[in-house]
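Below, each chain spelled out in residue letters.
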Amino acid sequence: MKKIVFRYPFMVFEKCECSNQVPIREMKTTSSTNSIKLKYSLNCPVCGKDINRIINVQNNITELTDFINAFKVIPAIKDELAIIKLDTVKAKLKDNGKLNLYGNYSHLRFWDNKIQNDIIKIGFEIED
Ligand SMILES: [Zn+2]
C-alpha cells in the first residue's frame, strides 16, 4: 500500500468537531481503475475523538473543504514567513490517473484593490 505524505511548505489538518485542528501528515492510498481511495486515522488530542476517513476520489471534483484545512507557507522577506489558508480543498483524478489535490485562494491585491483568485496545488510525496 502506498501513501502520500505532506511536507513543508504544505500543512494539512482535519477539522475536529471540537474546533481543534489535527495535523494530517499522511494518507494511505489504494488505487483501482478510475479511482483512488485516501484513508487516514487520527486521534484528536483535545477531545479524544477517533477520526477515520476514507475518501474515494474519481475524475469529478470531490470537496474536502468541510473537514480539511490546508495551509501553504510562503517564504517572505528575511526571517518572516507568511502562511496562507486555502479557502477550499478539493481532490480529483487527472486524465492520466494521477491524484490532484488543490484549493482556491482569493486575496485582495494591495496595488489595485482587486480580488485575485488563484488555484493552489497542494504538493505531496508518494512513498511505499
Ligand atoms: Zn477534537
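These remarks concern the structure in this document. (Residues numbered from 1 in each chain as written. Predicted model: local features only at pLDDT ≥ 70, side-chain atom pairs only at ≥ 80, totals over all residues. Heavy atoms only, no water.)

If you walk across this open sheet you meet the five strands as S6-S5-S4-S1-S13, and the pairing is antiparallel. The two strands at the open ends of the sheet, each matched to only one other strand, are strand S6 (50–57) and strand S13 (125–127). The sheet shows a mean angle of 25° between the axes of neighbouring strands, taken without regard to direction. Two elements, strand S1 (residues 2–5) and S13, share three bridges in a ladder whose sense is antiparallel. In the strand pairing of S13, valine 5 is matched with glutamate 125. (Pairing = 2+ DSSP bridges. Helix = DSSP H or I, 4+ residues; strand = E, 2+ residues; numbered from the N terminus. Axes fitted to C-alpha atoms, helices over the stretch in contact; angles between N-to-C directions.)

The tally for this structure, following the rule as stated, stands at two aromatic pairs. Judged by centre distance (5.7 Å) and plane angle (85°), the ring pair of phenylalanine 13 and phenylalanine 71 falls under edge-to-face. Of this pair, phenylalanine 13 sits in strand S2 (residues 10–15) while phenylalanine 71 is found in strand S8 (residues 68–75), placing the two residues 58 residues apart along the sequence. A single burial state applies to phenylalanine 13 and to phenylalanine 71, both of which are buried. With a centroid separation of 5.3 Å and an interplanar angle of 85°, the aromatic rings of phenylalanine 110 and tryptophan 111 are classed as edge-to-face. No difference in accessibility class separates phenylalanine 110 from tryptophan 111, as the two residues are exposed. Above the ring of phenylalanine 67, the side-chain terminus of arginine 53 is found at 3.9 Å from the ring centroid. (Phe/Tyr/Trp six-rings, centres within 6.5 Å; stacked < 30°, edge-to-face > 60°. Buried < 20%, exposed > 50% of the residue type's maximum accessible area, 1.4 Å probe, protein only. Lys NZ or Arg CZ within 6 Å of the ring centre and 35° of its normal.)

Read these as spatial facts, not as claims about activity.
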